[in-house]
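# Coordinate analysis (summary)
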Amino acid sequence: MAERVIPLVDARVASRPAVVPSLLQAPTGLLQDHWGRPLHDLRISVTDRCNFRCNYCMPKEVFDKDYPYLPHSSLLSFEEITRLATLFVAHGVRKIRLTGGEPLLRKNIETLIAQLAQLKTPDGQPLELTLTTNATLLARKAQALKDAGLNRVTVSLDGLDDAVFRRMNDVDFPVADVLAGIEAAQAAGLTGLKVNMVVKRGTNDDQILPMARYFRGTGVTLRFIEYMDVGATNGWRMDEVLPSDEVIARLRAELPLLPLAPRTVGETATRWGYADASGKHDPALGEVGCISSVTQAFCGDCNRARLSTEGQLYLCLFASQGWDLRSLLRSGASDAELAAAIAPIWQQRDDRYSQLRSEMPPDAAPAQGRRIEMSYIGG
């Protein structure tokens, strides 16, 4: 097996300035990129900190006690986040996901949720407002999140076996507390819950069936994510990727599954529904999903932008550079100027990293600069 090398580097990279064009054009809600992909989803990282040290995201070798996290003054304030989100909604965004790091570590996150919950699309519809969390604080915050206007929660959970889970989070956090957080979220009325499991071959792939058995029929959708080559600090290797096709084959060996159609354009997960005795999908049993970020590129209809904790705009999870919206925001730019600066950034977007990678030999990757860390812009 190849030796794992984890470079000790800063997870952040320099960004490009966002430029106000000479001609200010008002948002139309129909912004499209170079390949005709609309801007639909915005993922906002509210903190670069996390209380887990998962080795595929924030390994201890890099994110130790001396790691220089961003000072509070560098973070976008809730008011700044809401102002930018308002402009992105004017450009066509209909779904906002709060992420991190661990977003529930951001003090008073309910205040931000309440602000974002007031936003409406150009046709007067409410936004879909979601949050991804490791659930360490979810049991105590679930009701407040719901009351503030949050629609849905996605929980990261990489196994049910307590020993496996403690090894993966690398801070000895028990799986029982995550499950308690999920139950609290359901009790608070947060519907449509999802659980994301990052699968690493030889590490936690023995948890695939136990996870499926546990969440089947609970109202929680379980999604399996291929271990990704995001950033530079996780020591990614192709031989640790378990392809989604193999995940589904393991599940179907015990549990009857039927392929389901995508719910929306740009959906990252392929859907599989549990079948009843007659061979038809039983909604009461629920479904599973697979996010095949390595073996099956979904760049063709990707409609997601990402806003980092300090206001850098990224157009791809595998990006090597972003655009600095914070400097423009704090320079006194008007809403019209900010909206006009955002538009050409998306219109010139031609990112399709996963598609290019899928056309190359295993363990090869498209040439580009050092990629931004997932912990900095969220998954």
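The model shown is predicted, which means the values in this text are computed figures rather than measured ones.

## Focus on the environment of Leu 315
Residue position: Leu 315 is located in the loop between strand E12 (312-314) and strand E13 (323-324). For Leu 315, a relative accessible area of 2% corresponds to the buried category. Sequence separation between Leu 315 and Asp 350 is 35 residues; the distance between their C-alpha atoms is 8.9 Å.

## A word on the pattern of salt bridges
Opposite charge on two side chains allows them to pair when their charged atoms are near. All told, the structure shown has 19 salt bridges when counted by the stated rule. In this structure, Asp 123 and Arg 94 form a salt bridge, with 3.0 Å as the shortest nitrogen-oxygen distance. Of this pair, Asp 123 sits in the loop between helix H2 (109-116) and strand E4 (128-133) while Arg 94 is found in the loop between helix H1 (78-90) and strand E3 (95-99), placing the two residues 29 residues apart along the sequence. Among the residues examined, Asp 123 registers a relative accessible area of 47% and is labelled partly exposed. Across the salt bridge formed by Glu 254 and Arg 213, the nearest N and O atoms sit 2.7 Å from each other. Remark: Arg 213 occurs in helix H6 (residues 208-215) and Glu 254 occurs in the loop between helix H7 (244-252) and strand E8 (257-260); sequence separation between them is 41 residues.

## Some words on the UniProt feature "binding site: S-adenosyl-L-methionine" (unreviewed entry) in the chain
The positions UniProt marks with the feature "binding site: S-adenosyl-L-methionine" (unreviewed entry) are Tyr 56, Gly 101, Ser 156 and Met 228. Inspection of the secondary structure puts Tyr 56 in the loop between strand E2 (41-45) and H1. Structurally, Ser 156 is set in strand E5 (residues 152-156). Overall, Ser 156 belongs to the partly exposed group, its relative accessible area being 26%.

## Notes on the state of the cysteines
Per the stated rule, a full pass over the model turns up zero disulfides. Residue Cys 50 stays outside any disulfide, its sulfur separated by 6.5 Å from that of Cys 54, the closest cysteine.

## Describing H2
Of all the positions in H2, only Ile 109, Glu 110, Leu 112, Ile 113 and Leu 116 are classed as buried. For H2, the buried positions fall inside an angular range of 160 degrees around the axis, keeping them on one side. Lining the buried residues of H2 we find H1, E3, E4 and helix H3 (138-148).

What counts as what
- Residues numbered from 1 in each chain as written.
- Predicted model: local features only at pLDDT ≥ 70, side-chain atom pairs only at ≥ 80, totals over all residues.
- Heavy atoms only, no water.
- Helix = DSSP H or I, 4+ residues; strand = E, 2+ residues; numbered from the N terminus.
- Buried < 20%, exposed > 50% of the residue type's maximum accessible area, 1.4 Å probe, protein only.
- Salt bridge = Lys/Arg side-chain N within 4 Å of Asp/Glu carboxyl O.
- UniProt positions renumbered as here; feature names shortened; annotations may be inferred.
- Disulfide = S-S within 2.5 Å.
- Arc of directions from axis to C-beta.
- Contact = heavy atoms within 4.5 Å.

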